Amino acid sequence: MGIVGYLSFKNSQRAVNDIADQLMGEVSNRIEQNLRTYLQTGHQINQSKLDALKLGFVNIKDLPAWEKYLWRQVQLYPYINFTSIANRNGEYRAGEKKSDGTLLINASGPSTKFNFSSYNTNDSGDRTKLAATIKNFDIRQNSLYKDASLAGKPTWSSINVSLLEPTLLVSALQPVYNNQKQLDGVLITALRLDSIGQFLNSLKIGKSGQTFIIERKGTLLATSTPEKPFRNKNGKKQQFQVKESSDIVTQSTAKYLESHFQDLQQITQSQLIHFEINGKQQFLKVMPNAGNRTTILLCLAALAVATAIGICTSRWITKPILKLKDAAIDLSQGQFDRAVKLDRSDELGVLATAFNSMAAQLQASFSALENKNTELQRLDKLKDEFLANTSHELRTPLNGIIGIAESLIDGATGKLPETTNFNLALIASSGKRLASLINDILDFSQLKHKTLELQTKSVNLREIVFVILKLCQPLVGTKKLQLINSVAPELPPIAADENRLEQILYNLIGNAIKFTESGTVEISAALITSHEESSPNPQLAITVSDTGIGIPENKLERIFESFEQADGSTAREYGGTGLGLAVAKKLVELHGGKISVSSSVGVGSQFIFTLPVSESQPEISSKQPGLTEGEGILSAPELEPESSLVNSTFSAKNELIEEGEKIKVLVVDDEPINIQVITNNLALENYAIAQAIDGPQALNLIESGFKPDLILLDVMMPQMTGYEV
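Residues numbered from 1 in each chain as written. Predicted model: local features only at pLDDT ≥ 70, side-chain atom pairs only at ≥ 80, totals over all residues. Heavy atoms only, no water.

1. Considerations on the environment of Gly592
- Relative to the elements of secondary structure, Gly592 occurs in the loop between α12 (580-590) and β22 (595-600).
- Considering only alpha carbons, one finds Gly592 and Leu611, 19 residues apart in sequence, at a separation of 6.9 Å. (Helix = DSSP H or I, 4+ residues; strand = E, 2+ residues; numbered from the N terminus.)

2. Quick notes on helix α14 (residues 672-683)
- Look at α14: 16 Å from first C-alpha to last across twelve residues, which is about the 16 Å you get at 1.5 Å a residue.
- Along α14, the positions that sit buried rather than exposed are Ile673, Ile675, Gln676, Val677, Thr679, Asn680 and Leu682. (Expected span 1.5 Å × (residues − 1). Buried < 20%, exposed > 50% of the residue type's maximum accessible area, 1.4 Å probe, protein only.)

3. Things to note about the sheet that holds strand β23 (residues 604-612)
- A sheet is described by the order of its strands in space; here five strands give the open sequence β18-β20-β21-β23-β22, paired in mixed fashion. The outermost strands of the open sheet, each flanked by one partner alone, are β18 (480-485) and β22. Within this sheet the neighbouring strands show an average axis-to-axis angle of 15 degrees, counted without direction.
- The pairing of β18 with strand β20 (residues 518-528) spans six bridges and is classified as parallel. Bridging across to β20, Asn485 finds its partner in Ile523. (Pairing = 2+ DSSP bridges. Axes fitted to C-alpha atoms, helices over the stretch in contact; angles between N-to-C directions.)

4. Thoughts on the packing of helix α10 (residues 498-514) against α12
- Where α10 meets α12, the closest approach of the two axes is 9 Å, and the angle between their N-to-C directions is 145 degrees. Between α10 and α12 lies a crossing of left-handed hand. Facing α10, whose interface residues are Arg500, Gln503, Ile504, Asn507, Leu508 and Asn511, α12 presents Gly580, Leu581, Val583, Ala584, Leu587 and Val588.
- Here the residues of the contact of α10 with α12 are counted per class, giving seven nonpolar, four polar and one charged. (Left-handed = near helix turned anticlockwise from the far one by under 90°. Contact = heavy atoms within 4.5 Å. Nonpolar A, V, L, I, M, F, W, Y, C, P; charged D, E, K, R; others polar.)

5. Quick look at α10
- Here α10 spans 24 Å end to end across 17 residues, near enough to the 24 Å set by a 1.5 Å rise per residue.
- Across the 17 residues of α10, twelve count as buried, placing the element largely inside the fold.
- Taken residue by residue, α10 has Arg500, Leu501, Gln503, Ile504, Leu505, Asn507, Leu508, Ile509, Gly510, Asn511, Ala512 and Ile513 as its buried positions.
- Put simply, Asp497 is the residue that caps the front of α10, since its side-chain oxygen is 3.1 Å from the backbone nitrogen of Asn499. (Polar contact = N/O pair within 3.5 Å; in protein donor to acceptor, adjacent residues only side chain to side chain.)

6. What about the packing of aromatic side chains?
- Tallying each qualifying case throughout the model produces four aromatic pairs.
- Measuring from ring centre to ring centre gives 6.1 Å for Tyr92 and Phe137, while their planes differ by 55 degrees; the resulting arrangement is tilted. With a gap of 45 residues between them, Tyr92 in strand β2 (residues 92-97) and Phe137 in the loop between β5 (127-134) and α3 (143-151) connect regions that are remote in the sequence.
- Under the relative-accessibility criterion, Tyr92 is labelled buried at 5%.
- Judged by its relative accessible area of 11%, Phe137 falls in the buried class.
- Relative to Phe607, the ring of Phe560 lies with its centre 6.0 Å away and its plane at 90 degrees, an arrangement referred to as edge-to-face. With a gap of 47 residues between them, Phe560 in the loop between β21 (539-546) and α11 (568-574) and Phe607 in strand β23 connect regions that are remote in the sequence.
- For Phe560, a relative accessible area of 13% gives the class buried.
- Here a set of aromatic residues connected by ring pairs shows up, and it is made of Tyr92, Phe116 and Phe137. (Phe/Tyr/Trp six-rings, centres within 6.5 Å; stacked < 30°, edge-to-face > 60°.)

7. Considering the side chain of Asn106
- Among the structural elements, Asn106 can be located in strand β3 (residues 103-108).
- Residue Asn106 is classed as buried on the basis of its relative accessible area, which comes to 1%.
- When sequence neighbours within four positions are dropped, the list of residues in contact with Asn106 reads Tyr92, Arg93, Ala94, Glu96, Phe116, Ser117, Ser118, Tyr119 and Leu164.

8. Description of the sheet that holds strand β24 (residues 663-668)
- Ordered in space as β25-β24-β26, the three strands form an open sheet in which the pairing is parallel. Of all the strands in the sheet, just β25 (687-692) and β26 (710-713) have a single pairing partner and so form its edges. Taken pair by pair, the neighbouring strands of this sheet meet at an average axis angle of 20 degrees, ignoring direction.
- The pairing of β24 with β26 spans four bridges and is classified as parallel. Following the sheet pairing, Val667 is matched in β26 by Leu712.

9. Structural notes on the confidence of the model for the protein
- For the protein, mean pLDDT is 78; residues scoring 70 or higher make up 79% of the total.
- Counted against residues more than four places away or in other chains, residues 1-13, with its pLDDT under 50, gives zero contacts.
- Contacts for the low-pLDDT stretch residues 290-309, under 50 throughout, to residues beyond four places or in other chains number 71 contacts. (pLDDT = per-residue confidence, 0-100.)

10. Description of the pattern of salt bridges
- For the coordinates displayed, the defined rule picks out eleven salt bridges.
- The residue Arg192 makes a salt bridge to Glu165 at a minimum N-O spacing of 3.0 Å. Here Arg192, found in strand β9 (residues 183-192), pairs with Glu165, found in the loop between β7 (160-161) and β8 (168-177); they are 27 residues apart in sequence, far enough to count as distant.
- Judged by its relative accessible area of 11%, Glu165 falls in the buried class.
- Connected via shared salt-bridge partners are Glu67, Glu91, Arg93 and Arg127. (Salt bridge = Lys/Arg side-chain N within 4 Å of Asp/Glu carboxyl O.)

11. Re the pairing of strand β4 (residues 116-121)
- The buried fraction of β4 is high, at six of six residues.
- Judged by which residues are buried, β4 turns out to be covered on both faces: Phe116, Ser118 and Asn120 on one side and Ser117, Tyr119 and Thr121 on the other are all buried.
- Pairing analysis gives four bridges linking β3 to β4, with the strands arranged antiparallel. Residue Ile105 lies in a different strand from β4, and its bridge partner there is Tyr119.
- In this structure, the hairpin formed by β4 and β5 is closed by a connection of five residues, where Gly125 is found at a positive phi of approximately 85 degrees.

12. Observations regarding the nonpolar core
- The biggest cluster of nonpolar side chains holds 43 residues, and the ones touching the most others in it are Leu461, Leu501, Leu505, Ile509, Val521, Ile523 and Phe609.
- Membership of the second largest hydrophobic core comes to 24 residues, among which are Ile31, Ile105, Ile213 and Ala222. (Core = buried A, V, L, I, M, F, W, Y, C linked by side-chain atoms within 4.5 Å.)

13. A closer look at empty space enclosed by the protein
- Applying the stated rule across the entire model yields two cavities of 30 Å³ or more.
- Of the volumes computed, that of the second largest cavity is approximately 60 Å³.
- Lining the second largest cavity are ten residues, with Asn460, Leu461, Arg462, Ala488 and Leu491 sitting closest to its centre.
- Counted by class, the lining of the second largest cavity contains six nonpolar, one polar and three charged residues. (1 Å grid on protein atoms, 1.4 Å probe; cavity = no way out; pocket = protein on both sides within 12 Å on 5 of 7 lines; lining within 4 Å. Points joined across faces, edges and corners; volume = space filled by probe spheres on them.)

What follows is the structure, given as structure tokens:
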């Protein structure tokens with residue numbers, strides 16, 4: 001039994017040693033990786049400043065221009081205390097971040113009479129009030145400047161205490177030389193050693209494990225304990241020897257190292273050491289940090305027996321935790337029926353029961369969510385169908401209103417008084433606005449659901465702009481406004497859906513006219529070649545600029561959102577729903593382009609969008625002259641109250657004109673207003689019009705002997721469709 005007990009003890013002791021070695025190996029690897037990142041940061045920051053100098057972005061003689069650059073740089077790296085630059089004239093600038101997050105700009109040199117001045121800053125990096133002053137500070141006399149000058153290459157400073165707060169710093173130094181190999185200045189980046197201490201403190205090495213970092217000469221740099229690596233002596237902060245530490249484990253470890261190695265310079269590789277503190281066995285790992293002047297010491301203070309018990313205990317705890325972990329992973333992958341079976345009444349058993357309950361609740365919630373999602377998809381489909389059907393029903397009478405009004409203005413029933421024409425034009429204009437709104441709502445719905453398809457072809461931009469400016473001319477009204485087509489005729493065609501391009505331009509130009517009382521609305525374009533991988537092909541940048549009211553800067557980001565306008569007063573004064581720009585943006589993006597806006601209140605706005613250049617030429621190219629100014633004002637008009645659409649209908653019999661010279665046209669439509677629009681427009685020319693309200697009536701008319709030259713058939717009619725007729 002004695003031999004068996006001895007072997008069991010030896011095996012347990014070996015297992016404890018292996019576990020301790022493995023634990024400290026993992027911790028030391030984490031520290032080494034963190035230190036490597038930490039120490040590389042300083043020289044990387046200096047290199048970025050040196051690159052900026054070499055590329056000519058900044059000048060080493062003009063240090064005030066560096067202030068905001070350094071102020072911003074110090075915010076990007078959590079480990080650094082300050083980043084600075086000094087030139088040969090003694091001018092010095094630094095951006096500094098204190099431990100409480102306060103951001104400072106420090107300055108000294110001839111401009112401050114060689115007084116070190118530290119300023120608080122605002123959110124933009126501008127100096128505000130003076131925070132601190134140190135008399136007679138010439139950076140050229142400072143050890144940081146001298147060490148960099150002597151080294152002649154990137155190097156490290158010695159450890160020093162910050163000028164403005166109690167923290168130890170180590171600085172990365174980079175001398176700067178001109179073309180004549182003369183020293184022009186020094187770049188400095190100071191790293192906070194308390195950041196390493198905070199990292200060390202976050203490591204868990206058993207219940208009593210510690211880590212600390214010392215210089216080879218024996219001074220403490222950082223520790224995972226609350227102890228500070230410096231002490232106050234005669235009002236000054238000074239480092240101390242690690243063997244003088246107030247922490248018993250740190251102090252005992254340091255004394256053991258001193259007696260064991262005599263000189264810390266002898267430590268050239270990682271070593272695992274066993275020693276005792278007050279009769280209790282300790283594990284110590286010593287690891288030198290290559291390439292620097294520090295040595296990392298890891299100490300795990302735990303009794304061997306306690307560690308062995310801990311291993312068994314950890315296994316008893318770890319096994320159910322691993323089960324919970326596996327179940328949690330399965331749950332995250334959608335396996336909601338996963339359950340954890342633990343026959344325990346302790347905290348882990350309670351946790352397993354709670355986990356199973358949570359899984360059941362999640363399964364119920366996701367089932368309910370799936371049902372809701374299905375219902376939402378059904379309602380969304382119904383909404384789309386409602387929009388499509390409603391838009392058709394709205395468009396039919398709207399087109400009739402517009403058509404009747406415009407035909408009356410053209411003289412379908414004879415010459416009308418100017419007042420009547422004016423009112424009719426108002427009706428037509430209002431109808432077009434409402435039709436445009438319906439189109440925007442439908443397009444927005446299609447774009448949102450990504451169901452809108454483009455019919456892309458090669459299009460000449462100049463001709464399209466000419467047409468849209470003609471269409472927009474009535475919107476000018478009585479404004480002193482010029483519409484200018486500045487698109488050069490030699491520009492290549494673009495690949496676009498012609499109808500959607502017209503819609504984009506109509507929305508942007510209409511918007512510009514709406515918000516511009518006088519001046520110009522100008523459309524121009526320029527060829528651009530992008531070097532981005534996303535759009536390697538050349539594009540046209542099309543600009544719609546105006547001299548209107550402009551858009552406040554704080555509203556520019558939201559201007560392309562649906563149902564958005566600059567503010568409520570804009571909507572009240574100028575009207576509109578705020579859908580036009582949202583639709584235009586989505587249409588541009590659907591073409592593979594981008595849209596942006598720049599504006600100044602009271603000066604005007606510029607909307608710029610890009611479209612790809614076509615690789616082919618348009619099938620038909622009709623070069624239109626550029627539109628340089630408004631060609632007139634469309635008088636807007638409305639029907640008088642006495643007018644009646646019903647009174648203006650005609651019978652088929654009355655419309656049968658037997659003149660052999662006239663072209664006979666049969667119009668078949670179940671909407672009387674559509675018949676009237678066609679009748680009014682064709683009656684002005686050499687046509688004889690006959691009407692029928694459905695298919696059977698049209699067939700009866702033809703069977704009775706009427707032989708039309710042309711039949712205009714509505715497709716959707718009661719009793720018989722147009723195709724059946």
